[in-house]
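Spelled out from the first residue to the last, the chains are:
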Amino acid sequence: MTVTLEVRDDVGTIRLDRPPMNALDSAVQDRLRELAEEAAGRDDVRAVILYGGEKVFAAGADIKEMRAMDHPAMVKRSKELQDSFTAVARIPKPVVAAVTGYALGGGCELALCADFRIAADNARLGQPEILLGLIPGAGGTQRLARLVGPSKAKDLIFTGRQVKAEEALALGLVDRVVPAAEVYEHAHAWAARLAKGPALALRAAKESVDGGLETDIDTGLTIERTWFAGLFATEDRERGMRSFVEEGPGKARFL
């Protein structure tokens, strides 16, 4: 399979495996959507890692496949492409991208679907679609601008330039840079820590932040308030508050 889901210690790893560069053709896109939906629904998956292996995250779309498509074909495919990436972005659990080597075009857009990005010190990220006479089509114009701001996003999209890990960190495109051999280890540690947390509260936090970014602040505050009040009906809220009172902060064990 070109994309797999492996589960260990409540952490699901969605692994791209299409040598040599993990090009994101239609089959990979469709498989990503299937596994994102599976990870979202599985009780034994409480956090998710996106990973392309030790050498490369994903170097982008399959250009040969795209070149053969005419306008009507891409009108249909572009919706399916976005739906695949949106399925990853909407996994209602913490998601971290472990970025090694190249994360370009669709690869960069896939990393943008995560909640947190850990990059190897040899990583290179970018949106080079403009060099093909195109623009990003898997969410790059939207998620990148929301993450780093419009002017920085336009710089990357207008020029198509690649940025190394340290510049990506300075831009806010990635959240941590570690030695290449340690990327997956750091990603798993981040995911495993959150996998022990209160699943419904983590879902509420993610949906409140993401939903609020897509609307005005008053609507965002309503989303937050609704989730906040609703969590008072959960066992995890009772466990967390009881532990805080009896044992002090940070010692609760959640279901």
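Residues numbered from 1 in each chain as written. Predicted model: local features only at pLDDT ≥ 70, side-chain atom pairs only at ≥ 80, totals over all residues. Heavy atoms only, no water.

Draft legend 1. The arrangement of the environment of Ala 119 in detail. Tracing the chain through its elements places Ala 119 in strand 6 (residues 116-120). Note: C-alpha distance between Ala 119 and Ala 168 (49 residues apart in sequence) is 8.9 Å. In contact with Ala 119, other than residues within four places in its own chain, are Val 99, Val 174, Arg 176, Val 177, Val 178 and Val 183. (Helix = DSSP H or I, 4+ residues; strand = E, 2+ residues; numbered from the N terminus. Contact = heavy atoms within 4.5 Å.)

Draft legend 2. Here's a closer look at the packing of aromatic side chains. Overall, the coordinates contain 3 aromatic pairs when judged by the stated rule. Ring plane angle 5° and centroid distance 5.1 Å describe the contact between Phe 116 and Trp 190, whose orientation is recorded as stacked. Here the residue Phe 116 occupies a position in strand 6, and Trp 190 occupies one in helix 8 (residues 183-195), the gap between them amounting to 74 residues. For the pair Phe 116 and Trp 190, a shared accessibility class is recorded, and that class is buried. (Phe/Tyr/Trp six-rings, centres within 6.5 Å; stacked < 30°, edge-to-face > 60°. Buried < 20%, exposed > 50% of the residue type's maximum accessible area, 1.4 Å probe, protein only.)

Draft legend 3. View of helix 3 (residues 71-89). Given a rise of 1.5 Å per residue, 19 residues ought to cover 27 Å, and the 27 Å separating the end C-alpha atoms of helix 3 matches this to within 8%. Along helix 3, the residues classified as buried are Arg 77, Leu 81, Ser 84, Phe 85, Ala 87, Val 88 and Ala 89. A side-chain oxygen of the first residue of helix 3 lies 3.0 Å from the backbone nitrogen of Ala 73; this N-cap is Asp 70. (Expected span 1.5 Å × (residues − 1). Polar contact = N/O pair within 3.5 Å; in protein donor to acceptor, adjacent residues only side chain to side chain.)

Draft legend 4. Highlighting a nonpolar patch on the surface. A surface patch of nonpolar side chains, amounting to about 270 Å² of accessible area, comprises Ile 63, Leu 132 and Leu 134. When you line up the elements, Leu 134 lands in the loop between strand 7 (124-126) and helix 5 (140-148). Taking relative accessible area as the criterion, Leu 134 reaches 42% and is therefore assigned partly exposed. (Patch = residues over 30% accessible without salt bridge, like charges linked within 9 Å, V, L, I, M, F, W, Y side chains within 5 Å. Areas by Shrake-Rupley, 256 points an atom, 1.4 Å probe, with all protein chains shown as cover. Salt bridge = Lys/Arg side-chain N within 4 Å of Asp/Glu carboxyl O.)

Draft legend 5. Geometry of unusual backbone geometry. In this model, Pro 19 is joined to Pro 20 through a cis peptide bond whose omega is 5°. Position of Pro 20 among the secondary structure elements: in the loop between strand 2 (11-16) and helix 1 (26-41). In this structure, Asp 10 takes a positive phi of about 70° despite not being glycine. Take Asp 10: it is sitting in the loop between strand 1 (3-8) and strand 2.

Draft legend 6. Spatial organisation of the sheet that holds strand 4 (residues 95-99). Spatially, 6 strands are ordered 1-2-3-4-6-9 in an open sheet, and the strand pairing comes out mixed. Where the open sheet ends on each side, the last strands, each with one partner, are strand 1 and strand 9 (176-178). The sheet shows a mean angle of 20° between the axes of neighbouring strands, taken without regard to direction. Sheet contacts for helix 1: strand 1, strand 2 and strand 3 (47-51); angle to strand 1, the most-contacted strand, approximately 25°. (Pairing = 2+ DSSP bridges. Axes fitted to C-alpha atoms, helices over the stretch in contact; angles between N-to-C directions.)

Draft legend 7. Focus on the sheet that holds strand 7. Reading across from one edge, 5-7-8 is the order of the 3 strands in this open sheet, with mixed pairing throughout. For this open sheet the edge positions go to strand 5 (102-104) and strand 8 (162-164), each flanked by a neighbour on one side alone. On average, each strand axis in the sheet is tilted by 20° relative to the strand beside it, whichever way the strands run.

Draft legend 8. View of the pairing of strand 2. The buried fraction of strand 2 is high, at 5 of 6 residues. In this structure, strand 1 lies alongside strand 2, joined through 6 bridges in antiparallel fashion. Considered in strand 2, the bridge of Val 7 is made with Gly 12. Hairpin connection from strand 1 to strand 2: 2 residues lie between these consecutive antiparallel strands, with Asp 9 at a positive phi of about 55°. Two elements, strand 2 and strand 3, share 5 bridges in a ladder whose sense is parallel. The residue bridging Val 11 from the neighbouring strand is Ala 47, located in strand 3.

Draft legend 9. Broad picture of the packing of helix 5 against helix 6 (residues 150-159). At their nearest, the axes of helix 5 and helix 6 sit 7 Å apart, and the two run at 135° to each other. If you check the angle between helix 5 and helix 6, you find them oblique. In this structure, helix 5 crosses over helix 6, and the sense of that crossing is right-handed. Taking contact as the criterion, the partners of Gly 140, Thr 141, Leu 144, Ala 145 and Val 148 in helix 5 are, on helix 6, Pro 150, Lys 152, Ala 153, Leu 156 and Ile 157. (Parallel < 35°, antiparallel > 145°, perpendicular 65-115°, else oblique. Left-handed = near helix turned anticlockwise from the far one by under 90°.)

Draft legend 10. Expanded view of the nonpolar core. One finds Leu 50, Phe 57, Val 99, Leu 125 and Leu 173 to be the most contacted residues of the largest nonpolar core, which totals 46 residues. Residues within four places of Val 99 in sequence aside, it is in contact with Phe 57, Ala 111, Ile 118, Ala 119, Ala 120, Ala 123, Leu 125 and Val 183. With 16 residues, the next largest nonpolar core counts Ala 47, Ile 49, Ala 187 and Ala 195 among its residues. (Core = buried A, V, L, I, M, F, W, Y, C linked by side-chain atoms within 4.5 Å.)

Draft legend 11. Representation of the pattern of salt bridges in the model. Per the stated rule, a full pass over the model turns up 17 salt bridges. Between Glu 80 and Lys 76 there is a salt bridge, and its shortest N-O distance comes to 2.7 Å. Separated by 4 residues within a single helix, Glu 80 and Lys 76 lie in helix 3, roughly one turn from each other. Classification of Glu 80 by relative accessible area gives partly exposed; the value is 23%. Through salt bridges that share partners, Asp 30, Arg 33, Lys 76, Arg 77 and Glu 80 make up one connected network.

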